[in-house]
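Results of the structural survey
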Number of protein chains: 2
Amino acid sequence: MAALNKQNLIAQDIASKIKHKIYQTNTYLPSEHQLCDLYGTSRETIRKALDQLNELGLIQKIKGRGSLVLDIQRYTFPISGITSFKELNATLGMHAVTKILHLKKTTIPPCEISKSAVKSQPGFFVERLRLIADTPAVLDRDYLLTPPVTKLPKTAAADSIYDYLENDLGLNISYATKEITVEKPDDTVRQALDLPSDGLVVAVRSHSYLADTTLFQITASFHRPDKFKFIDFARRKRVLSSDKPLGGNTSGK
Amino acid sequence: MAALNKQNLIAQDIASKIKHKIYQTNTYLPSEHQLCDLYGTSRETIRKALDQLNELGLIQKIKGRGSLVLDIQRYTFPISGITSFKELNATLGMHAVTKILHLKKTTIPPCEISKSAVKSQPGFFVERLRLIADTPAVLDRDYLLTPPVTKLPKTAAADSIYDYLENDLGLNISYATKEITVEKPDDTVRQALDLPSDGLVVAVRSHSYLADTTLFQITASFHRPDKFKFIDFARRKRVLSSDKPLGGNTSGK
DNA sequence: TAGTGGTCTAGACCACAGC
DNA sequence: CTGTGGTCTAGACCACTAC
């Protein structure tokens with residue numbers, strides 16, 4: 001579903017050239033003016049392409065000098081953001097295997113939908129175990145809501161649900177909220193991940209939304225603590241801080 | 001230093017109006033054309049302001065309809081990104097107290113600087129304990145490198161190092177890489193956080209950089225597992241995935 | 001059909017880096 | 001001084017939503 005507009009194509013082309021070392025780490029990209037000539041576009045379009053790479057941490061723009069290619073390669077890479085396990089598996093080359101434990105149509109209890117859901121909703125429940133080098137590393141529990149997700153073949157669950165939703169169903173996956181905590185596992189999780197009886201798990205819970213703000217997925221991933229690693233690249237944002245600190249804070253977190 | 005350009009001012013103004021419920025959750029902002037009239041700017045400038053809010057998850061832009069105000073308030077808020085503990089403390093209203101355990105000039109051993117550092121560098125070492133509701137929650141260990149950070153008064157360490165670096169030293173904090181793992185604490189951490197002898201801690205290690213890509217801070221934060229919570233808002237990015245999977249993978253998926 | 005956001009253009013002026 | 005990125009403009013055309 002990659003939109004075929006100029007700025008995305010340019011961003012992908014430059015990203016690819018960085019990946020293949022045509023643009024080397026710690027060197028500068030051609031100037032924006034040169035890129036205009038190279039791609040035959042206006043400067044604002046080039047700048048929007050570079051903004052994407054900047055946001056991803058591939059480059060750092062420095063006023064008066066140019067766009068420097070950063071060396072984030074060594075930082076394994078974006079486990080942040082919304083990324084499917086299959087994509088991670090591919091980019092990190094970690095030889096993982098997915099085992100489907102459950103896949104069934106159900107009604108999703110409202111308590112799982114922490115938002116303002118009053119009544120339960122139909123959907124699919126998928127439970128998958130992820131093995132890395134033959135040892136269990138992650139247990140995923142996904143609820144796919146049925147208004148957007150009407151079908152879910154077993155092959156899609158075994159491969160990549162995101163692939164299926166985007167490419168086969170044509171859904172426009174847009175954003176997610178995500179929460180990481182450390183907690184005591186329930187019995188199922190403990191046994192699946194082969195944890196000691198007093199052990200802890202890392203729980204990553206997320207709500208994923210389409211571009212029209214429809215909630216379509218609720219996930220809880222439970223990671224073995226010793227296998228868990230979350231890597232993030234973040235840019236400093238200053239939009240929110242300046243204002244007065246939210247005064248009437250009635251809710252307690 | 002909040003730049004005083006139009007797009008940032010507009011973004012902050014709209015963010016403030018969302019915060020104060022002048023623009024209500026689940027309603028649409030005025031159209032981009034109306035905002036042009038309201039602020040007396042061109043549309044592209046309005047769009048750049050809205051892009052900032054979009055990136056933060058405050059709004060969702062929907063083609064043909066408008067910019068919808070999202071309800072992320074209930075999600076506590078951006079612990080993602082680069083945000084200082086003081087800012088978090090203020091926005092979340094969590095009544096935290098900072099205790100300085102150590103503050104001294106040192107040379108930072110190269111092993112701590114995981115990048116290509118060959119020789120050790122001078123800097124400051126700060127160890128701080130964060131208490132929430134009188135119970136220890138986080139132990140921070142910061143190295144501030146001395147090329148950019150020339151002085152570090154105790155008052156700055158007790159208040160907010162980020163505040164001091166940005167507003168007093170005028171440094172331009174730009175981005176950071178961050179890594180979250182769960183591991184066994186050393187004795188100091190275990191005692192400071194009052195953990196059992198076989199307990200685990202959540203370790204958040206980060207490298208922070210200035211706008212000119214100078215590394216200025218290396219941090220390790222150790223969190224009590226039961227107090228730890230990481231909340232993230234992420235938008236789906238599609239720049240990197242399309243290309244062939246980096247390794248010797250011949251199939252184009 | 002009218003209104004919305006999405007993309008793109010060809011200029012302009014500024015601030016900063018480096019010679 | 002020249003070249004770089006940062007910001008802004010006033011238009012244009014498109015695709016989508018809604019009526």
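Just so it is clear, the structure is predicted and the values come from calculations on it, not from any experiment.

1. Details of the protein's contact with DNA strand C
As a structural note, the neighbourhood of DNA strand C is formed by 22 residues, with A:Asn5, A:Lys6, A:Thr41, A:Gly64 and B:Ser31 the closest of them. Considering each element in turn, the surface near DNA strand C owes the most residues, 3 residues, to helix H3 (residues 43–56) of chain A. Per-class residue counts for the surface near DNA strand C are 1 nonpolar, 11 polar and 10 charged.

2. Let's talk about the protein's contact with DNA strand D
What surrounds DNA strand D is a group of 22 residues, the closest being A:Ser31, B:Asn5, B:Lys6, B:Thr41 and B:Gly64. Elements represented by at least two residues in the surface near DNA strand D include exactly helix H2 (32–39), H3 and strand E2 (66–69) of chain A together with helix H1 (6–19) and helix H3 (43–56) of chain B. Sorting elements by how many residues they give to the surface near DNA strand D places H3(B) first, with 3 residues. When grouped by side-chain class, the residues that make up the surface near DNA strand D number 1 nonpolar, 11 polar and 10 charged.

3. As for the UniProt feature "domain: HTH gntR-type" (unreviewed entry) in chain A
Here, UniProt's "domain: HTH gntR-type" (unreviewed entry) annotation points to residues 4–72 of chain A. Counting secondary structure, residues 4–72 of chain A comes out at 52% helix and 12% strand; the distance between its end C-alpha atoms is 26 Å.

4. Thoughts on the sheet that holds strand E4 (residues 121–132) of chain A
The strand order E3(A)-E4(A)-E5(A)-E8(A)-E7(A)-E6(A)-E9(B) describes an open sheet built from 7 strands, whose pairing is antiparallel. If you trace the sheet from one side to the other, it starts and ends with strand E3 (96–108) of chain A together with strand E9 (230–235) of chain B, each paired once. Neighbour-to-neighbour, the strand axes of the sheet open up by a mean angle of 15°, direction not taken into account. As judged from the 8 bridges shared by strand E7 (residues 201–210) of chain A and strand E8 (residues 215–223) of chain A, these two strands associate in the antiparallel manner. Each residue of the ladder has a partner; that of A:His207, found in E8(A), is A:Ile218.

5. Brief notes about the sheet that holds strand E3 (residues 96–108) of chain B
The strand order across the open sheet built from 7 strands is E9(A)-E6(B)-E7(B)-E8(B)-E5(B)-E4(B)-E3(B), with neighbouring strands paired in antiparallel fashion. Each of the sheet's edge strands pairs with one partner strand only, and the pair in question is strand E9 (230–235) of chain A together with E3 of chain B. Going across the sheet, the axis of each strand differs from the next one's by a mean of 15°, ignoring polarity.

Rules and cut-offs
Residues numbered from 1 in each chain as written. Chains lettered and ligands numbered in written order. Predicted model: local features only at pLDDT ≥ 70, side-chain atom pairs only at ≥ 80, totals over all residues. Near = placed C-beta within 6 Å. Helix = DSSP H or I, 4+ residues; strand = E, 2+ residues; numbered from the N terminus. Nonpolar A, V, L, I, M, F, W, Y, C, P; charged D, E, K, R; others polar. UniProt positions renumbered as here; feature names shortened; annotations may be inferred. Pairing = 2+ DSSP bridges. Axes fitted to C-alpha atoms, helices over the stretch in contact; angles between N-to-C directions.

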